[in-house]
Structure formats: C-alpha cells, structure tokens
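Descriptive analysis of the structure
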Amino acid sequence: PVMLLGVVGLGLSFVIARWWGASTFAVFNLVTTAYFAFAVVGACGLPYSVLRAIAEQPDDRGRVAAIVVGALVPNLVLAATATAVFVAIRPLIARWLDSPAVAEGMLWAAPGLFCFAVNKLLLGVVNGLRRMRAFAIYTSLRYVLLAVGLVIARVNQIAPDHVAAIWTFTEATLLIVLLGELVATVSLARAAGWAAWTRRHLDYGVRGVLATLAYEINTKLDVWMLGILIADKAAVGIYALAAALNEGVTQLAVVIQNNVNPMTARLFADGDLRELQAMVARLRRWFVPALLGVCAVAAAGFPAVIPWVIGDPGFAA
C-alpha cells in the first residue's frame with residue numbers, strides 16, 4: 001500500500017495538474033478537502049471505536065458481531081446525513097470560494113462521500129480483527145481504483161469540473177468488496193445486544209471526532225484559505241501540489257498507526273502499560289529519524305524535480 005500510495009497518490013496529483021491544468025487541480029483539491037472533512041463527520045469516530053472494541057476480544061464471534069452491527073446502524077444514518085448536507089451547501093461553498101466548478105465537483109463526488117464514510121468503518125473492522133494482509137490488499141485496491149478511475153476519466157475526456165467523480169468510482173467499488181469481506185468474516189446473525197454497543201460507539205466517537213477532523217483538514221486548510229483569498233486558481237493549484245506531497249509523506253506515519261492500533265487496544269485492555277511504552281520507544285527510535293530524512297530529501301528536491309515532472313516552469317516559484 002505504501003508503494004502504491006507513492007505511485008498513485010502522488011501520481012494522481014501530477015497527472016491531474018498535467019492533463020487538466022493547475023486550475024483543475026486546485027478545484028479538485030478544494031472539493032477533496034470538503035469531501036474528507038464531511039467523511040470524518042459521517043464516520044463520527046465509529047471506525048476507531050469498532051477497532052478498539054474488536055481488538056480487545058477478536059475471537060468472541062458473537063461479541064464481534066454485536067460490535068459491528070451496533071456501529072453500522074448509526075454509521076449508515078450519519079453517512080447519509082453528512083452526504084445530504086454536503087450536497088445542500090454546495091452553492092454556499094461555491095460563492096465562498098468564488099468557483100462554480102467546486103459546486104459541480106462536489107455533486108459528482110457526493111455518492112463517493114457516503115461510501116467513503118461506510119468504508120472507514122468496514123476497514124476499522126478488518127483492522128480490529130488484525131487481518132493485516134487483507135487490510136493491506138483493500139488499502140492497495142483503493143489506490144488502484146483511483147488510478148483506473150483517472151484513466152477512465154481521461155479516455156472519456158471528462159469535463160474538468162467532473163474529475164472529482166473518481167472518488168465516487170473508487171469508494172463505491174471498494175464498498176462492494178468490503179461488504180463481501182464483512183459477510184465472510186463476521187457472523188452478523190449473532191449480533192445479539194447490538195443496541196447497547198450503539199450507545200457506547202457514539203459516546204466514544206463523538207469524544208474523538210473533533211481531533212480526527214482537525215487531523216484530516218490540517219494539511220488542506222491552507223489550500224482552502226488560498227482558494228478564498230486568491231482569484232488565480234492556477235496559483236492555488238501550484239501550492240496544492242506541495243501540500244499533497246506533504247500529506248503523502250505523512251501517510252508513512254498512518255501505516256505505522258494502522259499496524260499498532262490493534263496491539264495498543266489489546267495492551268490497554270490488559271492493563272500492560274509497560275509493554276505499550278516499550279513498543280512506542282522502539283518505534284520512535286527508528287521512525288522519527290527516518291521520517292526526518294525523507295522530509296529533508298523531498299523539500300530539497302521539490303524546486304528542481306516538480307517543474308520537470310509537471311512540464312510547467314511556474315511550479316519552480
């Protein structure tokens with residue numbers, strides 16, 4: 001997944017900027033910022049609650065089923081609500097950003113938003129069960145589908161305002177696959193007492209959703225500020241590419257997080273804080289200097305490499 005993230009995730013940015021121009025890439029990023037923010041609200045921290053609860057006792061099939069159904073019911077309602085609000089406020093956001101293209105892009109991305117919020121929960125189930133090979137495959141599939149969707153968009157000469165539809169193509173397809181995973185691994189018929197878990201999930205999720213939202217929009221907020229303040233969307237697109245590269249590097253930390261989350265939940269449940277602290281120390285010892293090195297190399301190479309890759313000297317500035 002990390003390799004695919006680098007090739008597809010960053011390649012996505014390069015290709016959109018090259019095929020449709022910096023202005024289209026700016027609009028795509030502005031739509032994506034809203035898309036990710038509303039997906040966090042639609043998921044409402046439920047994926048983390050599910051992950052934690054399942055990882056504590058992953059072998060208790062009846063308990064796991066109740067945990068999953070107890071989260072899935074509010075997740076579907078919240079995802080639908082977030083999507084409806086996302087569609088309803090399109091005109092307001094378009095006026096705010098002085099870009100009708102953003103409103104059009106949001107409409108095409110809206111079905112994907114609903115699927116994305118549900119997929120977050122379903123991937124949380126896979127992660128909690130520590131099916132890490134499957135988790136890697138499904139994460140990889142998301143990047144492959146993004147690449148396929150982009151090629152389909154190019155072949156069909158899709159309008160620049162509709163490029164965000166690749167999110168709908170990707171997440172809708174992934175949802176079908178993850179529903180198959182859910183049916184194959186969780187005995188949903190044994191979900192007795194799921195309503196009690198709904199209350200626990202919502203309590204846990206609501207307390208953490210603001211932190212998750214802040215994390216998701218951290219690297220995107222500055223792009224939105226520029227979108228509001230600068231009329232030249234090509235200039236916003238140039239900056240958005242740098243922000244996308246920055247976000248790509250931070251995904252290395254997300255990979256570590258996904259692998260240690262279920263172990264962290266188990267150690268907390270067992271009260272083994274000493275081993276938890278030892279695990280953190282081991283990871284910090286090698287990961288922090290490695291990430292610093294990656295960031296330094298990326299920053300040094302950006303002004304020389306990116307204008308050549310994109311074919312636009314404007315990116316050098």
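The structure this text deals with has already been given above.
What comes next concerns the included structure. (Residues numbered from 1 in each chain as written. Predicted model: local features only at pLDDT ≥ 70, side-chain atom pairs only at ≥ 80, totals over all residues. Heavy atoms only, no water.)

Re the packing of helix α3 (residues 46-56) against helix α6 (residues 100-128)
Threshold: Lines fitted to C-alpha atoms define the axes here, with helix axes fitted over just the stretch in contact, and angles between the N-to-C directions of these axes take values from 0 to 180 degrees. Secondary structure elements are defined from DSSP: runs of H or I of at least 4 residues count as helices, runs of E of at least 2 residues count as strands, and each element is numbered from the N terminus. The scheme is simple: roughly parallel for angles under 35 degrees, roughly antiparallel for over 145, roughly perpendicular for 65 to 115, oblique for anything else. Left-handed describes a crossing whose near helix is turned anticlockwise from the far helix through less than a right angle; right-handed describes the clockwise counterpart. Any two residues whose heavy atoms approach within 4.5 Å are treated as being in contact. Residue polarity follows a fixed list, in which Ala, Val, Leu, Ile, Met, Phe, Trp, Tyr, Cys and Pro are nonpolar, Asp, Glu, Lys and Arg are charged, and the others, Gly among them, are polar.
Axis separation between α3 and α6 bottoms out at 8 Å; the angle between their running directions is 20°. Taken together, the axes of α3 and α6 lie roughly parallel to each other. Relative to α6, α3 is oriented so that their crossing is right-handed. On α6, the residues that touch Leu-46, Pro-47, Val-50, Leu-51, Ile-54 and Ala-55 of α3 are Lys-120, Leu-121, Gly-124, Val-125, Asn-127 and Gly-128. In terms of residue class, the contact of α3 with α6 is built from 8 nonpolar, 3 polar and 1 charged.

Overview of the pattern of salt bridges
Here the idea is simple: oppositely charged side chains can pair when their charged atoms come close. Note the threshold: Any Lys or Arg side-chain nitrogen found within 4 Å of a carboxyl oxygen on Asp or Glu counts as a salt bridge. Each residue is assigned to one of three classes by its accessible area relative to the maximum for its type, calculated with a 1.4 Å probe on protein chains only: buried under 20%, partly exposed between the two thresholds, exposed over 50%.
Within this structure, the stated rule accounts for 6 salt bridges. Residue Arg-207 is joined to Asp-203 by a salt bridge in which the shortest nitrogen-to-oxygen separation is 3.2 Å. A residue pair is termed a helical-turn pair when its members lie 3 or 4 positions apart in one helix, as Arg-207 and Asp-203 do in helix α9 (residues 194-217) at 4 residues. Arg-207 gets classed as exposed once you look at its relative accessible area, which sits at 61%. Where Glu-275 meets Arg-282, a salt bridge forms, and the shortest distance between an N and an O atom there is 3.2 Å. Owing to a relative accessible area of 32%, Glu-275 belongs among the partly exposed residues under this scheme. Members of the salt-bridge network, linked through shared partners, are Arg-52, Glu-56 and Arg-63.

A look at the side chain of Ser-49
Within the secondary structure, Ser-49 is located in helix α3. Using a relative accessible area of 1% as the deciding quantity, one classes Ser-49 as buried. Ignoring anything within four residues of it in the chain, the contact list for Ser-49 reads Arg-200, His-201 and Tyr-204.

Here we look at the environment of Trp-224
Structurally, Trp-224 is set in helix α10 (residues 221-229). For Trp-224, a relative accessible area of 10% puts it in the buried group. In contact with Trp-224, not counting residues within four places along its chain, are Leu-30, Thr-33, Ala-34, Ile-93, Trp-96 and Leu-97.

Comments concerning the environment of Val-144
Tracing the backbone through its elements, the reader meets Val-144 in helix α7 (residues 132-155). For Val-144, a relative accessible area of 36% corresponds to the partly exposed category. Note: C-alpha distance between Val-144 and Val-102 (42 residues apart in sequence) is 25 Å.

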